[in-house]
Amino acid sequence: MIRLIPALATGMIFGTGIVLSGMSNPTKVLNFFDFAGTWDASLALVMAAALAVTAIGYRTVLKRPAPVFDKVFHLPSGRRIDIPLVGGAAVFGIGWGITGFCPGGAIPALGLLEADAVIFTGSMIGGIALARFIRHTRAASLAARSA
Amino acid sequence: MTEFTPVPALLGGALIGVSAVLLMAFHGRIAGMTGILSGLVPPFSGDWGWRAAFIGGAVFAPVLLGAVAGDMVAFQSEVPALWLVLGGLIVGAGVYYGSGCTSGHGVCGIARLSPRSIVATFVFMTSTAATVYLIRHVLGGF
């Protein structure tokens, strides 16, 4: 139980950062991408600040032997640039460009009690669940065939 | 129109970075919303506790912020509900297959100089900009 407190606090810092920065404001996000129209450069500063703090902080943290509540750091080790990565990213961009919501912006936006955030997030979780279901079903049927 | 807001942008961005560093320090995890959420939809991952706590905090903090400092919290959306539903499904499927979104690839991955994250971020930023251009300047907006 005590382990959940840092995760909760970390989530609160994340949510505060997202809302303060404007990442949970769809029109502001869309304006960042609208170079030919009502361009708002703010989100470039959000990314720059987040990247600088993370890059410096990771260098310190990852020198430690292990995280506080786990035996290892769970760092993605894949290096392959494959079709799911590039295709998935391209598809994500289409959805982000239509709505102005990305997952990290949408979850904190739920706390703003806006109907649009609820509609988008519900549908997005449905999309993740569907994709996860398809991948796991396919993996299970491949395993059954090779067994 | 939305105004250029450099100070909240830098401050908010720095907080996003702080949370990424803390999640790595405590749980050894990437602070990517896609990865964290994925473990909370069926089939559930075994370590759902910290995931649920992180998401709970991410939703709860804006509730508090809205209550005590409502003018610091801006929300504008002009997208019709049907497109929100469609866009939500597209984003959900895209980030799942692409193994991450703006927080996971764009912040945590690039901070580690992961080649996959650098490529993914370039692709989704380009794709988003192209979609916005198409909707606003070719199709005339919603």
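Residues numbered from 1 in each chain as written. Chains lettered and ligands numbered in written order. Predicted model: local features only at pLDDT ≥ 70, side-chain atom pairs only at ≥ 80, totals over all residues. Heavy atoms only, no water.

> Could you give an account of the overall build of chain B, naming the residues involved and the relevant values?
A count of helices and strands for chain B gives 6 helices and 0 strands. By its C-alpha atoms, chain B is 45 × 40 × 30 Å across when sized along the principal axes. Counting only residues that meet the buried cut, chain B has 51% of its 142 residues in that class. Considering only residue pairs separated by 6 or more positions, chain B has 35% of its internal contacts joining residues 24 or more positions apart. Here chain B has roughly 6,000 Å² of accessible surface; of this, 74% comes from carbon and sulfur atoms. Charged side chains of chain B number 5 positive and 4 negative; the gap between the two group centres comes to 21 Å. (Helix = DSSP H or I, 4+ residues; strand = E, 2+ residues; numbered from the N terminus. Buried < 20%, exposed > 50% of the residue type's maximum accessible area, 1.4 Å probe, protein only. Contact = heavy atoms within 4.5 Å. Areas by Shrake-Rupley, 256 points an atom, 1.4 Å probe, with all protein chains shown as cover. Lys, Arg positive; Asp, Glu negative; His and termini not counted. Charge placed at Lys NZ, Arg CZ, Asp CG, Glu CD.)

> Talk me through the packing of aromatic side chains; I want residue IDs and the actual numbers.
Counting across every chain of the model gives 13 aromatic pairs over all chains. Arranged with centres 5.5 Å apart and planes meeting at 5°, the rings of F92 of chain A and W96 of chain A form a pair that is stacked. Placement of both F92 of chain A and W96 of chain A in helix α4 (residues 83–99) is noted, with a separation of 4 residues, approximately one turn of the helix. For the pair F92 of chain A and W96 of chain A, one class covers both residues: buried. A centroid spacing of 6.0 Å and a plane angle of 65° characterise the contact between W96 of chain A and F124 of chain B, whose relative ring orientation is edge-to-face. Taken together, the residues W96 of chain A in helix α4 and F124 of chain B in helix α6 (residues 115–138) connect one chain to another. Like W96 of chain A, the residue F124 of chain B is buried in the burial classification. A network of ring pairs unites the aromatic residues F32, F33, F35, W39, F92 and W96 of chain A together with F124 of chain B as a single cluster. (Phe/Tyr/Trp six-rings, centres within 6.5 Å; stacked < 30°, edge-to-face > 60°.)

> Report on the interface of chain A and chain B, specifying residues and quantitative values.
Across the boundary between the two partners, chain A contributes 104 residues, which contact 106 residues of chain B. Each partner contributes to the roughly 9,500 Å² buried at the junction of chain A and chain B, and carbon and sulfur atoms together form 75% of this total. When the shortest N-O distance is used, the salt bridge between R136 of chain B and D34 of chain A registers 2.8 Å. Where chain A packs against chain B, one counts 31 residue pairs in polar contact (both at pLDDT 80 or more). (Buried area = accessible area lost by both parts, 1.4 Å probe. Salt bridge = Lys/Arg side-chain N within 4 Å of Asp/Glu carboxyl O. Polar contact = N/O pair within 3.5 Å; in protein donor to acceptor, adjacent residues only side chain to side chain.)

> Which residues make up the layout of surface pockets, and what values go with them?
Taking a probe equal in size to a water molecule and rolling it over the atoms shows the remaining empty space. The space that makes up the largest pocket amounts to roughly 700 Å³. For the largest pocket, the lining is made up of 32 residues, of which P76 of chain A together with I30, G35, S99 and G100 of chain B are closest to its centre. Broken down by secondary-structure element, the contributors of at least two residues to the lining of the largest pocket are α6 (115–146) of chain A together with α2 (33–38), α3 (48–68), α4 (81–97), α5 (102–111) and α6 of chain B. Among the elements that line the lining of the largest pocket, the one with the most residues is α2 of chain B, at 5 residues. Here the lining of the largest pocket is built from residues that sort into 11 nonpolar, 14 polar and 7 charged. Mapped onto the domain boundaries, the lining of the largest pocket takes at least three residues apiece from domain 1 (1–76) and domain 2 (77–142) of chain B. (1 Å grid on protein atoms, 1.4 Å probe; cavity = no way out; pocket = protein on both sides within 12 Å on 5 of 7 lines; lining within 4 Å. Points joined across faces, edges and corners; volume = space filled by probe spheres on them. Nonpolar A, V, L, I, M, F, W, Y, C, P; charged D, E, K, R; others polar. Domains from an automatic or database assignment.)

> Residue-level account of the state of the cysteines, with values.
For the coordinates displayed, the defined rule picks out 0 disulfides over all chains. The cysteine C102 of chain A is free of any disulfide, with C101 of chain B supplying the nearest cysteine sulfur at 6.2 Å. Looking at the unpaired C108 of chain B, the closest cysteine sulfur is the one in C101 of chain B, lying at 9.3 Å. A residue is classified by how much of its surface remains accessible, and C108 of chain B, at 0% relative accessible area, is buried. (Disulfide = S-S within 2.5 Å.)

> Give a description of helix α2 (residues 26–33) of chain A that names residues and reports values.
Owing to its 3.6 residues per turn, the α-helix aligns residues three or four sequence positions apart on the same side. Of all the 8 residues making up α2 of chain A, 8 are buried; the element is thus mostly covered by neighbouring parts of the structure. For α2 of chain A, every residue scored as buried is listed here: P26, T27, K28, V29, L30, N31, F32 and F33 of chain A. Those residues of α2 of chain A hidden inside the fold are in contact with α1 (4–21), α3 (42–61) and α4 of chain A together with α6 of chain B.

> Hey, could you go over a nonpolar patch on the surface for me, with residue numbers and the actual values?
On the surface, L113 of chain A together with F60, V63 and L64 of chain B cluster together into a nonpolar patch covering about 370 Å² of accessible area. Mapping V63 of chain B onto the fold places it in helix α3. (Patch = residues over 30% accessible without salt bridge, like charges linked within 9 Å, V, L, I, M, F, W, Y side chains within 5 Å.)

> Talk me through unusual backbone geometry; I want residue IDs and the actual numbers.
Along the chain, P42 of chain B connects to P43 of chain B via a cis peptide bond; the corresponding omega equals -10°. By the secondary structure assignment, P43 of chain B is in the loop between α2 and α3. In the Ramachandran plot, L113 of chain A falls in the positive-phi region, its phi being about 55° despite a non-glycine side chain. Looking at the element boundaries, L113 of chain A is found in the loop between α5 (103–110) and α6. Overall, the relative accessible area of 69% leaves L113 of chain A in the exposed class. Positioned with a positive phi, S99 of chain B is a non-glycine residue whose angle comes to about 60°. With respect to the element layout, S99 of chain B can be found in the loop between α4 and α5. Assessed through its relative accessible area of 43%, S99 of chain B is described here as partly exposed.

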